[in-house]
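Structural overview for review
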Amino acid sequence: MSAPVVVFAIGNPSRGDDAIGPVLCGRLASWLEAAGLAAQFELIEDFQLQIEHVLDLQDRQLALFIDAGIDTGAPFTFQRIAPAAGIAHTTHELPPEAVLQVFRHTEEADPPPAFTLCICGEQFELGEPLTATAENRLEQAFGLLEQLCRNPDPASWEAMAVNAKEGVRIAAMA
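These notes cover the structure that comes with them. (Residues numbered from 1 in each chain as written. Predicted model: local features only at pLDDT ≥ 70, side-chain atom pairs only at ≥ 80, totals over all residues. Heavy atoms only, no water.)

Focus on the packing of helix 1 (residues 20-35) against helix 3 (residues 132-150)
Where helix 1 meets helix 3, the axes come as close as 10 Å, and the angle between the chain directions of the two elements is 45°. Classified by the angle between their axes, helix 1 and helix 3 sit oblique to one another. Once helix 1 is placed against helix 3, the crossing between them reads as right-handed. Along the contact surface, helix 1 presents Ile20, Val23, Leu24, Arg27, Leu28, Trp31 and Leu32, while helix 3 presents Ala134, Leu138, Glu139, Ala141, Phe142, Leu145, Glu146, Cys149 and Arg150. (Axes fitted to C-alpha atoms, helices over the stretch in contact; angles between N-to-C directions. Helix = DSSP H or I, 4+ residues; strand = E, 2+ residues; numbered from the N terminus. Parallel < 35°, antiparallel > 145°, perpendicular 65-115°, else oblique. Left-handed = near helix turned anticlockwise from the far one by under 90°. Contact = heavy atoms within 4.5 Å.)

Structure below.
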């Protein structure tokens, strides 16, 4: 039996701010356990999304993709996403929307409601640690993650995404 919510944390811990996803994943795992919510969530950490991640979407009520971005609005963006053809040149790198599209095609059904949490990063060089700015943004994003995990239903997440887009302070929505 699958957990109702799947969280994909994407990034390479050895590439500076690209470690944001894995760092958030580790912190989220500890928090979920302490909050007694771990059974509701499956956390999947990977360097990049692959076509095989379609299988991880089966039988889910919600999906969240966490990643670092270069041109992301600071400190982070949170939005609902929909299936769309991938813009990657190979299956070596797939955007979340392409994974949802493959799910739709292979399962002949709509994927679960899906959202992205993209934290703005600055430095992605091999061997570099997280920047202090990324650490700060990661902390801000974790506040949103706590709220999402306390309210794991599509309507709540949609409202948070709309508020985030409109610039409403996430902390004020608790």
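Now that the structure has been shown, the text picks up again.
Focus on the nonpolar core
In this structure, Leu24, Leu64, Phe78, Leu117 and Leu145 are the most contacted members of the largest nonpolar core, which totals 32 residues. Mapped onto this core, the elements with two or more residues apiece are strand 1 (5-10), helix 1, strand 3 (62-69), strand 4 (76-81), strand 5 (114-120), helix 3 and helix 4 (154-165). Ranked by residues supplied to this core, first place goes to helix 3 with eight residues. In this structure Leu117 touches Leu64, Phe65, Ile66, Asp67, Phe76, Thr77, Phe78, Ala141, Leu144 and Leu145, once residues within four positions along its chain are discounted. Residues Leu49, Ala63, Ile81 and Phe103 belong to the second largest nonpolar core, which totals 16 residues. (Core = buried A, V, L, I, M, F, W, Y, C linked by side-chain atoms within 4.5 Å. Buried < 20%, exposed > 50% of the residue type's maximum accessible area, 1.4 Å probe, protein only.)

Some remarks on the packing of aromatic side chains
Two descriptors summarise a pair of aromatic rings, namely the distance from one centre to the other and the angle between the planes of the rings. Tallied over the full model, the rule gives four aromatic pairs. Ring plane angle 10° and centroid distance 4.8 Å describe the contact between Phe8 and Phe65, whose orientation is recorded as stacked. Taken together, the positions of Phe8 in strand 1 and Phe65 in strand 3 put the pair 57 residues apart, joining distant regions of the chain. The two residues Phe8 and Phe65 agree in class, both being buried. Note on Trp31 and Phe142: the rings are 6.4 Å apart at their centroids and 90° apart in plane angle, and the pair reads as edge-to-face. Placement of Trp31 in helix 1 and of Phe142 in helix 3 is noted, with a sequence separation of 111 residues between them. Residue class for Trp31 comes out buried when judged on its relative accessible area of 16%. Given the relative accessible area of 3%, Phe142 is considered buried. (Phe/Tyr/Trp six-rings, centres within 6.5 Å; stacked < 30°, edge-to-face > 60°.)

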